[in-house]
Amino acid sequence: MGENNTQITCPYAKKCGGCEYQGMEYERQLKEKQAQVKKYVGGYCKVRPILGMENPYHYRNKVHAVFDIVKKGGAPKSSRGKGGGRKELLPGTIISGVYAAGTHEVVPIDSCLIEDETADAIIRDIRGLMRSFKIKTYDEDTGYGLLRHVLVRRGFHSGEVMVVLVLGDPILPSKNNFVKALRRLHPEITTMILNVNSKKTSMVLGERNIVLYGKGYIEDELCGRTFRISPHSFYQVNPVQTELLYQKAVEYAGLTGKERIVDAYCGIGTIGLIAADQAREGIGVELNPDAVRDAITNAKRNGIRNIRFYQGDAGEFMTEMAAKKEKADVLFMDPPRSGSDEAFLSSAVKLSPKRIVYISCNPETLGRDLGYLTKHGYRAAECQPVDLFPWTGHVECVCLMTRKEK
Ligand code: SAH
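Residues numbered from 1 in each chain as written. Predicted model: local features only at pLDDT ≥ 70, side-chain atom pairs only at ≥ 80, totals over all residues. Heavy atoms only, no water.

Q: How do you make sense of the side chain of E259 when you look at a structure like this?
A: Among the secondary structure elements, E259 is positioned in the loop between α5 (239–253) and β13 (260–264). K258 provides the closest opposite charge to the buried, unpaired E259, separated from it by 7.0 Å. In terms of polar contacts, E259 uses its side chain to reach the side chain of T256, at 2.8 Å. Only 3.1 Å separates the side chain of E259 from the backbone nitrogen of G257, close enough to count as a polar contact. Leave out the neighbours within four places in its chain, and E259 touches G254, Q278, A279, R280, E281, D329 and V330. (Helix = DSSP H or I, 4+ residues; strand = E, 2+ residues; numbered from the N terminus. Buried < 20%, exposed > 50% of the residue type's maximum accessible area, 1.4 Å probe, protein only. Lys, Arg positive; Asp, Glu negative; His and termini not counted. Salt bridge = Lys/Arg side-chain N within 4 Å of Asp/Glu carboxyl O. Polar contact = N/O pair within 3.5 Å; in protein donor to acceptor, adjacent residues only side chain to side chain. Contact = heavy atoms within 4.5 Å.)

What follows is the structure, encoded as structure tokens:
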């Protein structure tokens, strides 16, 4: 039995609910995911064996913690310290962790087996500083208090660290001293951002960002390119596996240097920018304006001049392209969990790319969209699942579709 099969048990598993595959051997998890993909996609094409992780721990480069205090007679009564020993938490104790599945009760967590360890340490130390800085946790019911969430992102290759403090109010008392105190404990922090979220909402981030320290973003490397990542931009949470995923995506594209490529749902431009030097020209489209700004900067940052990025709904954008009778040779698409929509897919068919490389984090919606495309002139050639989310039930796939010749 290899190391991957040694199960390290998580003391929070029952209450947290974040890892559906807790207690399951890693090899078994991979089998479950393979079966999941086969179920939805196997009817269309061959499913290659899933690419698992050598060390499926502490892979998450983005860590989010919600802050609260233990209320009198309130729910979270105990936690385990780092050593695993039980300690009682008294009312008034500041806690940070995750919402228990389906509730707004905070499960206190000190360290998590899938999260980046530096990020977890930073969150623990923020908790430790709060009392001396008289920073109160935000109360969702009354709107009283200040600190709601902390988000930490760490560049796997660059080592750059972003800390986002999500506050109910734009004013953080003694903010400069707080930044100094936290940076003294964690000199690896390269930027700190105050995000204002005063709304009654389950969204973590509000709209407004105020830079407290550093550049306001981090950079990281992926497949030989450098990417700037802003607080609101999407970036894959498992950098090691993402490289495998994107390499496969570019391989499936079969580029020769002559193609016009479209990177739809492009986020900060990752896939398009990784593929651009093997294509003639590229177009990226993304809904989130911050991510588009990052994508444009990323093109410049990497000296890539043959790709343009546009902000907008991918479906509308493709509809416009189709109306103008534009063509594309390869379409990369990487929609959110809900998958794509008919406006997008019907226009994709009109653009008539030779290949469609579909990257998906939800085999069910992937299967549904493959159903549409296979009825409209395309053939699914092959699907490669990649385990981006060990211990959870989620699985990522990249699927190649080719145009049926008439
Ligand atoms: N390809 C990128 C991002 C994938 S995540 C990467 O690999 O990093 C999906 C992206 O789709 C997110 O950035 C999200 O903001 C964007 N998105 C969601 N709905 C969209 C829509 N209707 N039109 C365009 N982009 C959308």
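Q: When you look at the domain arrangement of the protein in this model, what are you seeing that I'm missing?
A: When the parts of a complex come together, some accessible area is lost, and that lost area is often taken as the interface size. For the protein, the assigned domains read domain 1 (13–56 + 238–403) and domain 2 (62–217). Using only C-alpha atoms to locate each centre, domain 1 and domain 2 end up separated by 32 Å. Taken together, the contact pairs nine residues of domain 1 with 10 residues of domain 2. Surface buried jointly by domain 1 and domain 2 totals about 710 Å² across both partners, of which 68% is contributed by carbon and sulfur atoms. Counting the surface domain 1 buries against domain 2, the share from its top three residues, K15, C16 and P239, is 56%. Put simply, domain 1 and domain 2 have one salt bridge between them. (Domains from an automatic or database assignment. Buried area = accessible area lost by both parts, 1.4 Å probe.)

Q: Please clarify how the site of the ligand should be interpreted in this entry.
A: The environment of the ligand is made up of 15 residues, and the closest members are Y246, E286, D313, A314 and D334. At a separation of 2.7 Å, a nitrogen atom of the ligand approaches a polar side-chain atom of D313. In isolation the ligand offers 570 Å² of accessible surface; the protein chains occlude 86% of this area. The residue makeup of the shell around the ligand, split by class, is eight nonpolar, four polar and three charged. (Near = heavy atom within 4 Å. Areas by Shrake-Rupley, 256 points an atom, 1.4 Å probe, with all protein chains shown as cover. Nonpolar A, V, L, I, M, F, W, Y, C, P; charged D, E, K, R; others polar.)

Q: It is not clear to me how the environment of I135 should be interpreted in this structure. Could you clarify?
A: Relative to the helices and strands, I135 is located in the loop between α3 (117–130) and β7 (147–154). C-alpha of I135 to C-alpha of G145: the two residues are 10 residues apart in sequence and 7.8 Å apart in space. Beyond its immediate sequence surroundings of up to four residues, I135 is in contact with M130, L146, L147, L172 and F178.

Q: Teacher, can you tell me more about the sheet that holds strand β14 (residues 281–286) here?
A: Pairing between the strands of a sheet comes from backbone hydrogen bonds, and it takes one of two forms, parallel or antiparallel. Across the sheet, which stays open at both edges, the eight strands sit in the order β1-β18-β19-β17-β16-β13-β14-β15 with mixed pairing between neighbours. Across the chains shown, the open sheet's two edge strands, defined by having one partner strand only, are β1 (46–47) and β15 (307–311). Across the sheet, helix α8 (residues 314–323) lies against β13, β14, β15 and β16 (330–333), angled at about 140 degrees from β14, the strand it touches most. Along the sheet, helix α9 (residues 342–351) contacts β13, β16 and β18 (378–386); its crossing angle with β16, the most-contacted strand, is approximately 165 degrees. (Pairing = 2+ DSSP bridges. Axes fitted to C-alpha atoms, helices over the stretch in contact; angles between N-to-C directions.)

Q: I would appreciate a short explanation of a negative patch on the surface in the present structure.
A: A surface patch of like charges, here negative, comprises D313, E316, E320, D341 and E342. Along the chain, D341 turns up in the loop between β16 and α9. Classification of D341 by relative accessible area gives partly exposed; the value is 33%. (Patch = residues over 30% accessible without salt bridge, like charges linked within 9 Å, V, L, I, M, F, W, Y side chains within 5 Å. Charge placed at Lys NZ, Arg CZ, Asp CG, Glu CD.)

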